[in-house]
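The chain contents come next:
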Amino acid sequence: MKKVFVLGIALLFACAGAFAQKYAVIDTRYIFEKMPDYKRVQQQVDAQAAAWQKEIDTKQAELDKLYNDYDAEQGMMSEDLKKKKEDELFNKEKTLRDLQKKRFGFEGELFKKRQELMEPLQKRVAEAVNKLAKANGYDLVFDKSEGKSIIFADPKLDRSDDILRELRLK
């Protein structure tokens, strides 16, 4: 009876091993940082952000001057003129905040520009990952770059350098 039990346990472990999945871990942040095209994309995004920030800073300086002028002159203004100037200032400030949101807000123009420029790079990496996964029989490939779902990964499982070789970057 003991031999049958041991044989059953051994058979159970053998079957479990046959159904084991093969997986790998990559770090897309590391991969992108090794890509010269990524650095070019980052420079383009940074240049666009700087231009838009300069535009917003200029408009903010103009608005600040209008506020200072209003503060200096409000004592000499009628209530109607004060109200008109305050409404004008409020509208200009709202326009500026809307521009900031349009340029830099969640899913704003900067976000869309970055997505547009990154799409070809993401496709190249995805193709390299798919090729590596098929060539090595991986069932799953995890990305540890964001670190949200992988708490620990044995460095032996990291295939990021294999992806770089596939992209001919290493």
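The preceding data block contains the structure.
Quick caveat, the model's predicted, so the values are computed rather than measured.

Enquirer: Where do I start with the environment of aspartate 46 in this structure?
Expert: For aspartate 46, the location among the structural elements is in helix H3 (residues 36-73). In sequence terms aspartate 46 and arginine 114 are 68 residues apart; their C-alpha atoms lie 9.6 Å from each other.

Enquirer: Looking at this structure, I do not really get the pattern of salt bridges. What am I missing?
Expert: When charged atoms on two side chains of opposite charge get close, those side chains can pair. Scanning all chains against the criterion turns up 14 salt bridges. Residue aspartate 69 pairs with lysine 65 through a salt bridge whose shortest N-O separation is 3.0 Å. Linking aspartate 69 with lysine 65, this pair stays in helix H3, spanning four residues, or about one helical turn. For arginine 103, the salt bridge is made with glutamate 109, and the minimal N-O distance between the two is 2.6 Å. Here the salt bridges share partners, and the residues they tie into one network are Glu55, Lys102, Arg103 and Glu109.

Enquirer: So what exactly am I meant to see when it comes to H3 here?
Expert: Structural remark: α-helix, 3.6 residues per turn; residues separated by three or four positions point the same way. Counted at 1.5 Å a residue, the expected span for H3 with its 38 residues is 56 Å, and the 56 Å between its end C-alpha atoms agrees. Burial in H3 covers these residues: Tyr38, Val41, Val45, Ala49, Trp52, Ile56, Leu63 and Tyr70. Looking at the packing, one finds that the buried side of H3 touches helix H2 (28-33), helix H4 (79-104) and helix H5 (109-136).

Enquirer: Even after reading the chapter, I still don't get the packing of aromatic side chains, so can you show me in this structure?
Expert: Between two aromatic rings, the relevant description is the distance of the centres plus the angle of the planes. Under the definition given, this model contains three aromatic pairs. A ring pair is formed by phenylalanine 32 and tyrosine 38, whose centres lie 5.7 Å apart and whose planes are at 20 degrees; its orientation type is stacked. As far as burial versus exposure is concerned, phenylalanine 32 and tyrosine 38 are alike and both buried.

Enquirer: Help me understand the packing of H3 against H5 in this model?
Expert: Contact pair H3 / H5: the axes reach a minimum separation of 10 Å and the direction vectors enclose 175 degrees. Considering their axes alone, H3 and H5 lie roughly antiparallel with respect to each other. Of the residues in H5, those touching H3 at Asp37, Tyr38, Val41, Gln42, Gln44, Val45, Ala49 and Trp52 are Glu109, Leu110, Arg114, Leu117, Met118, Leu121 and Arg124.

Enquirer: Mind showing me how you'd approach the nonpolar core here?
Expert: In globular proteins that are soluble, nonpolar side chains generally tend to be buried together. Among the nonpolar cores identified, the biggest contains 23 residues, and Ile31, Phe32, Met35, Leu121, Val125, Ile163 and Leu167 are the most heavily contacted of them. Excluding its chain neighbours within four sequence positions, the residues that come into contact with phenylalanine 32 are Tyr38, Met118, Leu121, Gln122 and Val125. One finds Leu63, Leu89, Leu96 and Leu99 within the second-largest nonpolar core, a separate group that totals seven residues.

Each value, and the rule that gives it
By convention here, each chain's residues receive numbers from 1 onward along its written sequence. With the structure being a predicted model, the display of local features is reserved for residues of pLDDT at least 70 and the display and counting of side-chain atom pairs for 80 or more, all residues being used for whole-chain, interface and lining totals. Side-chain numbers come from the whole structure's heavy atoms, not from hydrogens or water. Helix and strand definitions here come from DSSP, where helices need a minimum of 4 consecutive H or I residues and strands a minimum of 2 consecutive E residues; each element is numbered from the N-terminal end. Whenever a carboxyl oxygen of Asp or Glu lies within 4 Å of a side-chain nitrogen of Lys or Arg, that contact is scored as a salt bridge. Multiply 1.5 Å by the residue count of a helix minus one, and that product is the helix's expected span. Three labels apply to residues, based on accessible area from a 1.4 Å probe with only protein chains included: buried if under 20% of the type maximum, exposed if over 50%, partly exposed otherwise in between. The contact criterion used is simple: two residues touch if any of their non-hydrogen atoms lie within 4.5 Å. For this analysis, a ring pair means two rings from Phe, Tyr or Trp (six-membered ring only for Trp) whose centres lie within 6.5 Å, classed as stacked if their planes differ by under 30 degrees, edge-to-face if by over 60, and tilted for the remaining angles. Inter-axis angles, ranging from 0 to 180 degrees, are taken between N-to-C directions of lines fitted to C-alpha atoms, where helices are fitted over the stretch in contact. Convention used here: angles under 35 degrees read as roughly parallel, angles over 145 as roughly antiparallel, angles from 65 to 115 as roughly perpendicular, and any remaining angle as oblique. To define a nonpolar core, start from buried Ala, Val, Leu, Ile, Met, Phe, Trp, Tyr and Cys residues and group those joined through side-chain atoms within 4.5 Å.

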